[in-house]
Amino acid sequence: MLRMSTLLLRTLRDDPSDAEVASHRLLVRAGYVRRIAAGIYSWLPLGYITYRNIEKVIREEMDAAGFQEVHFPSLLPREPYEETNRWTEYGPDLFRLKDRKGNDYLLGPTHEEMFTLMVKGEFSSYKDLPLSIYQIQTKYRDEPRPRSGIIRGREFVMKDSYSFDVDDAGLELSYQRHRDAYIKTFNRLGLEFNIVSAMSGAMGGSKSEEFLAPCTTGEDTYVLCEKCGFAANVEAMVTKVEPFSGSEPGAMEVFDSPNTPTIDSLVDLYNTKFGASITGAETLKNVLLIADGQAIAILVPGDREVDLKRVGANLAGVKELRLFEDEDFAKYPGLVKGYVGPQDADKFGIKVYADPRITIGSPWITGANEKNKHARFAVHGRDFKAISFVESAEVKAGDSCPSCSAPVVIDRAIEIGHIFQLGRKYAQALGLTVLDQNGKAQVVTMGSYGIGVSRAVAAVAEQTHDEIGLNWPREIAPAQIHLVAAGKDDSIFAYAEKLAIDLEAAGLTVLFDDRREASAGVKFKDAELIGIPFIVIVGKGLAEGNIEFRIRNSGDKFEFASDSAVQEILSTLNS
RNA sequence: CGGGGCGUAGCGUAGUGGCUAGCGCGCCUGCUUUGGGAGCAGGAGACCGGGAGUUCGAAUCUCCCCGCCCCGACCA
């Protein structure tokens with residue numbers, strides 16, 4: 001039993017000034033967490049119980065799926081990460097340190113290497129596979145910008161699993177088993193979520209899905225089709241286009257277009273000059289980028305911006321992508337800012353990629369690579385040619401769903417889980433092979449599956465809180481019953497004390513507000529802030545033989561007879 | 001890393017060159033109160049983020065540093 005009179009807890013009346021999002025504000029105010037440094041938090045008793053409840057659900061579902069729990073150190077030597085090149089690749093996000101002898105160590109940001117090496121050290125036969133193992137461990141990433149309280153920290157707890165299979169079919173099976181276990185887990189946690197297809201990074205292109213918990217303060221943007229249920233990461237959204245069916249226009253024609261460096265100004269001039277009524281969607285925007293030092297051009301319709309994340313995710317092999325700056329224009333005197341067109345790309349030695357909307361055969365109004373001049377009737381395939389199509393334009397609400405063509409909506413969410421088929425990258429790098437039936441060494445194929453455990457606490461808080469406080473689902477609340485003794489009479493406290501003991505004996509967990517000095521109002525406010533799902537009040541009604549029972553979530557209130565309180569509470573909870 | 005903001009007691013804040021740094025919440029003592037963040041009285045608690053400088057005098061002005069928050073870039 002938790003007693004408020006002795007609990008290490010001080011609720012705050014005011015929002016902390018450094019907290020913005022609801023989960024952060026309320027977890028601090030309700031005395032669940034305290035900030036230690038940017039992105040680093042301590043858990044107080046109420047918070048740690050809640051955290052452990054979430055961990056318990058996750059562990060139970062992993063075990064039920066037949067995955068085995070292991071545990072690795074957080075403090076790791078450099079060597080394994082050197083073998084996979086991540087000591088270098090991970091860059092400044094890696095917390096690095098040296099021991100007294102000057103050897104390099106790191107605080108694990110993720111543990112692919114350790115898992116792979118553990119299996120390599122023990123198993124060597126195809127008969128040992130498939131295998132799925134997991135750990136729940138603190139991870140460290142020196143994020144450029146920790147934010148939103150415990151949603152994105154530099155220290156956080158993650159449940160990460162890895163599957164090991166001999167072949168792709170086995171990997172697919174292991175992947176599905178994890179997917180199913182994740183669905184069960186998040187349902188038990190009371191989280192609303194969508195499973196969206198995601199990009200697993202430019203190389204590989206293997207299967208990857210994210211579990212996203214919708215909430216306005218989430219930092220992930222995704223596309224959702226409310227009609228057919230299609231959901232995708234913005235990066236993975238596929239543009240639905242029809243082949244161009246219009247007739248081929250006359251030859252490309254350059255026209256004077258003074259002072260039209262922007263799409264809007266170009267549209268105005270064009271409509272006036274030619275008595276037309278075009279929109280930005282009929283103009284072609286040529287956005288120049290530097291991709292790993294190389295100049296490239298991205299073609300998108302003029303009414304859309306280029307989404308650099310989408311370009312980066314869809315342009316195979318590109319690591320660094322940035323917009324052209326003035327000094328880049330200086331290197332290409334033929335390219336006139338505001339009047340760039342794709343017709344002369346070969347001449348300038350610039351690779352051109354087109355958004356799928358720039359269909360073959362479609363005519364466009366675009367820059368003429370000369371100041372104050374544009375060209376019209378520029379036909380893709382005739383007057384200019386892209387090397388390939390690349391998803392580049394920003395996704396907008398109302399775009400067509402790739403599977404059913406209905407208009408999609410755009411929503412924000414917190415990424416609470418990510419599953420993907422890693423393939424053989426780590427097994428290859430670290431030499432994890434097993435002998436097959438023919439005695440031949442086969443590189444093992446792996447899957448990787450993560451759940452943000454500490455983040456899940458915040459995600460649930462985000463999705464369930466209201467104006468007055470937290471509001472936990474029953475399975476993860478720090479207690480199931482918040483019992484308030486409201487009054488000064490000894491009989492109230494004596495009765496409440498017995499009720500608390502009886503409720504615990506009946507298998508419920510109880511937070512008992514047994515403070516003598518606090519007023520009823522304070523206790524009610526605290527109960528609402530702390531967010532335990534059921535609140536029992538022993539107070540003025542006791543004299544008439546009644547206690548009060550409230551449901552935090554709905555606000556419903558009931559009167560129960562004090563002499564049958566335990567039974568009535570139990571039957572209400574079970575109904 | 002770019003842009004913006006902030007740093008005064010456990011929390012929220014006032015104080016833009018001048019007396020002993022003020023207020024609310026919380027905390028301690030006493031009395032009163034007791035179903036919606038109680039009242040009165042008394043009290044403890046602050047290297048005003050750090051350093052250097054300007055000045056008779058600095059929380060307040062200048063410079064440097066550190067930390068924190070927000071937007072963006074970034075994010076297995």
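Scroll up for the structure.
Residues numbered from 1 in each chain as written. Chains lettered and ligands numbered in written order. Predicted model: local features only at pLDDT ≥ 70, side-chain atom pairs only at ≥ 80, totals over all residues. Heavy atoms only, no water.

### As for the overall build of chain A
Counting its regular elements, chain A contains 15 helices and 30 strands. Dimensions of chain A, computed from the C-alpha atoms along their principal axes, are close to 95 × 70 × 50 Å. The buried share among the 575 residues of chain A stands at 53%. A sequence separation of at least 24 residues applies to 67% of the contacts in chain A between residues at least 6 apart. Entry remark: accessible area of chain A is about 26100 Å², with carbon and sulfur atoms responsible for 50%. Here chain A contributes 66 positively and 83 negatively charged side chains, and the mean placements of these two sets differ by 2 Å. (Helix = DSSP H or I, 4+ residues; strand = E, 2+ residues; numbered from the N terminus. Buried < 20%, exposed > 50% of the residue type's maximum accessible area, 1.4 Å probe, protein only. Contact = heavy atoms within 4.5 Å. Areas by Shrake-Rupley, 256 points an atom, 1.4 Å probe, with all protein chains shown as cover. Lys, Arg positive; Asp, Glu negative; His and termini not counted. Charge placed at Lys NZ, Arg CZ, Asp CG, Glu CD.)

### Notes on the sheet that holds strand E15 (residues 284-291)
The strand order across the open sheet formed by five strands is E17-E15-E16-E18-E21, and the pairing between neighbours is mixed. Single-partner strands in this sheet number two, and they are strand E17 (321-323) and strand E21 (388-389). Examined bridge by bridge, strand E18 (residues 351-354) and E21 share two bridges and lie parallel to one another. Across the sheet, the residue bridging to Ala 354 is Phe 389, located in E21. (Pairing = 2+ DSSP bridges.)

### Focus on helix H13 (residues 490-505)
Side chains that are three or four residues apart share a direction in an α-helix, a result of its 3.6 residues per turn. Along its 16 residues, H13 runs 23 Å from first to last C-alpha, staying within 8% of the 22 Å computed at 1.5 Å per residue. All of the buried residues along H13 are Ile 492, Phe 493, Ala 496, Leu 499, Ala 500 and Leu 503. For H13, the angular spread of buried residues about the axis comes to 125°, placing them on one side. Facing away from the buried side of H13 by more than 90 degrees, the exposed set consists of Asp 490, Lys 498 and Ala 505. On its buried face, H13 is in contact with strand E26 (481-485), strand E27 (510-513), helix H14 (520-530), strand E28 (534-538), strand E29 (546-551) and helix H15 (565-574). The positive-phi residue at the C-terminal boundary of H13 is Gly 507, with phi of around 100°. (Expected span 1.5 Å × (residues − 1). Arc of directions from axis to C-beta.)

### Regarding the layout of surface pockets
Each pocket or cavity is described by its volume, and for the second largest pocket that value is around 420 Å³. Around the second largest pocket sit 22 residues that line it, and Pro 261, Lys 285, Asn 286, Lys 337 and Gly 338 are the ones nearest its centre. When contributions to the lining of the second largest pocket are tallied by element, the ones reaching two or more residues are helix H7 (263-274), E15 and strand E19 (363-370). Broken down by element, the lining of the second largest pocket gets its largest block of residues, five residues, from E15. (1 Å grid on protein atoms, 1.4 Å probe; cavity = no way out; pocket = protein on both sides within 12 Å on 5 of 7 lines; lining within 4 Å. Points joined across faces, edges and corners; volume = space filled by probe spheres on them.)

### A word on the protein's contact with RNA strand B
Neighbouring RNA strand B are 40 residues; Arg 13, Arg 141, Arg 152, Glu 528 and Arg 550 lie closest to it. Across the atoms of RNA strand B situated within 4 Å of the protein, the share located in sugar and phosphate is 42%. With respect to RNA strand B, the side chain of Asp 526 contributes an N or O atom lying 3.0 Å from a base nitrogen. For the surface near RNA strand B, the elements supplying multiple residues, two or more each, are strand E2 (33-37), H14 and E29. Per element, the largest residue contribution to the surface near RNA strand B is seven residues, and it comes from H14. When the residues that make up the surface near RNA strand B are grouped by side-chain class, the tally is twelve nonpolar, eight polar and 20 charged. (Near = heavy atom within 4 Å. Polar contact = N/O pair within 3.5 Å; in protein donor to acceptor, adjacent residues only side chain to side chain. Nonpolar A, V, L, I, M, F, W, Y, C, P; charged D, E, K, R; others polar.)

Purely spatial values, then, with no claim about function.
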